[in-house]
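# Fold and contact review
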Amino acid sequence: GWAQIRRNGRMVWVRRDALAAEKPEPAAGSAAAGPAAAGPAAGVTYAPCSDGSSVESGLTSNAVKVYRAVCAAFPAVSSWGGNTGYGNHGAGLALDIMCTGALGDAIAAWVRAHAGELGVSEVIWSQQIWTVERSGDGWRYMSDRGSATANHYDHVHVTVS
């Protein structure tokens, strides 16, 4: 029931029943619909952010791309977490976008829609995880980690490759 396909330059496995025989037409107003799409989904820019580049320190090039693109698309975001701690953050491969509610929903959806362009490998938001490798599964719930921050209710976490 599985098929191997090339996605964003990488070979990945997907459920065969999730594949379509033909490319579907994008929904009106979606990011894939082209120039008619309005708002943040209309495109991606990598211009430096107006609030400075201190967040970029220690980030990999793909993490910088995510920071700059989200900064441009969602100017309401004023707080970020970058190269701190250990793991993917310590390696400069992860960025935390501090937000809540509908803004977090919008950012998480936008980052997922532009994952290929941005080099995104996973998004964590609102106690759910989405990964490129299992993108066909959509959001998957995560176990309770004990706090709003640990469960990613107060920030969207983005990991890049």
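Right, let's walk through the structure included here. (Residues numbered from 1 in each chain as written. Predicted model: local features only at pLDDT ≥ 70, side-chain atom pairs only at ≥ 80, totals over all residues. Heavy atoms only, no water.)

### Regarding the packing of helix α1 (residues 61-73) against helix α3 (residues 101-113)
Using the following cut-off: Lines fitted to the C-alpha atoms define the axes, with helices restricted to the stretch that makes contact. Angles between their N-to-C directions range from 0 to 180 degrees. Helix and strand assignments come from DSSP, with helices taken as H or I runs of at least 4 residues and strands as E runs of at least 2, each series counted from the N terminus. Angles below 35 degrees are treated as roughly parallel, those above 145 as roughly antiparallel, those between 65 and 115 as roughly perpendicular, and all remaining angles as oblique. Handedness of a helix crossing follows the sense of rotation of the near helix relative to the far helix, less than a right angle counterclockwise being left-handed and clockwise being right-handed. Contact between two residues is taken to exist if any of their heavy atoms lie within 4.5 Å; hydrogens are not considered. Residue polarity is assigned by list, with Asp, Glu, Lys and Arg as charged and Ala, Val, Leu, Ile, Met, Phe, Trp, Tyr, Cys and Pro as nonpolar; anything else, Gly included, falls into the polar class.
Contact pair α1 / α3: the axes reach a minimum separation of 11 Å and the direction vectors enclose 130 degrees. Classified by the angle between their axes, α1 and α3 sit oblique to one another. For the pair α1 and α3, the sense of crossing is right-handed. Counted together, Ala69, Val70 and Ala73 of α1 and Ile107, Trp110 and Val111 of α3 form the full contact between these two elements. Class assignment for the residues of the contact of α1 with α3 results in 6 nonpolar, no polar and no charged.

### Details of α3
Put simply, the rule is: For a helix, the expected span equals 1.5 Å multiplied by the residue count minus one. A simple rule labels every residue: compare its accessible area, found with a 1.4 Å probe on the protein chains alone, to the largest value its type can have, and call it buried under 20%, exposed over 50%, or partly exposed in between. Working definition: the arc comes from the directions between the helix axis and the C-beta atoms, pointing outward to the latter.
Taking 1.5 Å per residue, 13 residues should reach 18 Å; α3 reaches 19 Å between its end C-alpha atoms and fits that length. Along α3, the positions that sit buried rather than exposed are Gly104, Ile107, Ala108, Trp110 and Val111. One side of α3 holds all its buried residues, which, seen down the axis, span an arc of 165 degrees. In α3, the exposed positions that point more than 90 degrees away from the buried face belong to Ala102 and Ala113.

### Re the packing of aromatic side chains
Two measures describe an aromatic ring pair: the distance that separates the ring centres and the angle between the ring planes. What counts here: Each aromatic pair joins two rings of Phe, Tyr and Trp (for Trp, the six-membered one) with centres within 6.5 Å, and gets the label stacked for planes under 30 degrees apart, edge-to-face for over 60, and tilted for any other angle. Here, a charge over a ring is recorded when the distance from Lys NZ or Arg CZ to the ring centre is within 6 Å and its angle to the ring normal is within 35 degrees.
For the structure shown, the criterion picks out 2 aromatic pairs. Geometrically, the ring pair formed by Tyr67 and Trp80 is edge-to-face, given 4.8 Å between the ring centres and 85 degrees between the ring planes. Of this pair, Tyr67 sits in helix α1 while Trp80 sits in strand β3 (residues 80-81), and the two are 13 residues apart along the sequence. Measuring from ring centre to ring centre gives 5.9 Å for Phe74 and Trp110, while their planes differ by 85 degrees; the resulting arrangement is edge-to-face. Taken together, the positions of Phe74 in the loop between α1 and β3 and Trp110 in helix α3 put the pair 36 residues apart, joining distant regions of the chain. A cation sits over an aromatic face here: Lys65 above Tyr46, 5.4 Å from the ring centre.

### Comments concerning the side chain of His114
Counted only if it meets this: As used in this structure description, the phrase polar contact means that two N or O atoms lie within 3.5 Å; if the pair is within protein, one of them must be able to donate a hydrogen and the other to accept it, and residues adjacent in sequence are counted only when both atoms belong to side chains.
Residue placement: His114 occurs in the loop between α3 and α4 (115-118). Within the local environment of His114, its side chain forms a polar contact with the side chain of Glu117, the two groups lying 2.7 Å apart.

### Details of unusual backbone geometry
You will see that Ser126, though not glycine, has its phi angle at about 55 degrees, which is positive. Locating Ser126 in the fold gives a position in the loop between β5 (120-125) and β6 (128-131).

### Remarks on the environment of Ser50
If you trace the backbone, Ser50 turns up in the loop between β2 (10-15) and α1. Here Ser50 falls in the exposed class, since its relative accessible area comes to 82%. Spatially, the C-alpha atoms of Ser50 and Pro75 are 9.4 Å apart, while their sequence positions differ by 25 residues.

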